[in-house]
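# Residue-level structural notes
Here is what each chain is made of, one letter per residue.
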Amino acid sequence: MSRQYNEDEDKLITWFKENIKNIVYGVIIGLSLILSFQYYENSKSNKQYELSLEYQNVIDQYEDSNYKEVIIVSEKFKKNYPTNIYTAMIGLYEAKIHHENKEYNKSLNALDFIINNSQSKEIITIAQIRYARLLVLMNEQKNAKIFIMSIPYYKNNPLMIEILGDIEYHGNNIIGAKKYYESSLSQNLTPNKRKIIENKLNSIN
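Residues numbered from 1 in each chain as written. Predicted model: local features only at pLDDT ≥ 70, side-chain atom pairs only at ≥ 80, totals over all residues. Heavy atoms only, no water.

### Concerning the confidence of the model for the protein chain
Taken residue by residue, the protein chain gives an average pLDDT of 86. The fraction at 70 or more is 78%. Here helix 1 (residues 2-63) stands out as the element of the protein chain with the lowest mean pLDDT, 66, in contrast to helix 4 (residues 104-117), whose mean of 97 is the highest. Here residues 1-5 scores under 50 on pLDDT; set against residues more than four positions off or in separate chains, the count is 0 contacts. (pLDDT = per-residue confidence, 0-100. Helix = DSSP H or I, 4+ residues; strand = E, 2+ residues; numbered from the N terminus. Contact = heavy atoms within 4.5 Å.)

### Notes on the pattern of salt bridges
Oppositely charged side chains can pair when the atoms bearing their charge come close. If you walk through the whole model with that rule in mind, you get 10 salt bridges. K106 is paired through a salt bridge with E103; the nearest N and O atoms lie 3.9 Å apart. Between K200 and E162 there is a salt bridge; the shortest N-O distance is 2.6 Å. Of the two residues, K200 sits in helix 9 (residues 191-204) while E162 sits in helix 7 (residues 158-170), which places them 38 residues apart along the sequence. The exposure class assigned to K200 is partly exposed, which follows from its relative accessible area of 22%. Note on E162: relative accessible area 1%, which makes it buried. A cluster of three or more residues bridged by salt bridges with shared partners is formed by R133, E162, D166, K193 and K200. (Salt bridge = Lys/Arg side-chain N within 4 Å of Asp/Glu carboxyl O. Buried < 20%, exposed > 50% of the residue type's maximum accessible area, 1.4 Å probe, protein only.)

### Looking at helix 3 (residues 85-100)
Along its 16 residues, helix 3 runs 23 Å from first to last C-alpha, staying within 8% of the 22 Å computed at 1.5 Å per residue. Buried residues of helix 3: Y86, T87, A88, I90, G91, L92, E94, A95, I97 and H98, and no others. After helix 3 finishes, the residue K102 shows a positive phi value of roughly 60°. (Expected span 1.5 Å × (residues − 1).)

### Notes on the packing of helix 6 (residues 141-149) against helix 7
Helix 7 packs onto helix 6 with a crossing angle of 150° between their chain directions and a minimal axis gap of 10 Å. By the angle class used here, helix 6 and helix 7 are roughly antiparallel. Once helix 6 is placed against helix 7, the crossing between them reads as left-handed. In contact with Q141, A144, K145, I148 and M149 of helix 6, helix 7 contributes M160, I163, L164, I167, E168 and H170. Class assignment of the residues belonging to the contact of helix 6 with helix 7 gives a composition of 7 nonpolar, 2 polar and 2 charged. (Axes fitted to C-alpha atoms, helices over the stretch in contact; angles between N-to-C directions. Parallel < 35°, antiparallel > 145°, perpendicular 65-115°, else oblique. Left-handed = near helix turned anticlockwise from the far one by under 90°. Nonpolar A, V, L, I, M, F, W, Y, C, P; charged D, E, K, R; others polar.)

If you want it as structure tokens, here you go:
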């Protein structure tokens, strides 16, 4: 029995000696992968924290009416971190600044960047609604309608449906406008928004 054990032990020792380098390399590679992943995760967390601080600074700059700095940071973020959530959030401020300056095409471009790069469905939806409203303001109702109807989930968004109602109303399609306003009211709305749409509907009845 002991001889059998000794033979097994000898085989194990021989195999270990023959494969020691591979074992060591495997351990080193495994540890390197683990440490690299941890470093990557820590670096990513640190970078996100840095971006959050810079974003907060942008908000302070915006509230102090230092709009130039907001746009500079927004452009930097778009170049370096196109899919980051803070890039999209700053982009909304950039679009608003251009809108208030009546630089509508620049505002559209800022919103378009968010729509095409952000990974947040909620922020994309906000950008889409603002994009459509801006097209209506620019008297591009046809393009606004095409844009909204190209969005797969527009029928589930009462604000998008409301915009379609506005487009039909501006085109003197009263029946179509009422249809969209009523459809918008059938969905979940804040009390204030519901009142606004009800007023629109009542004004054309």
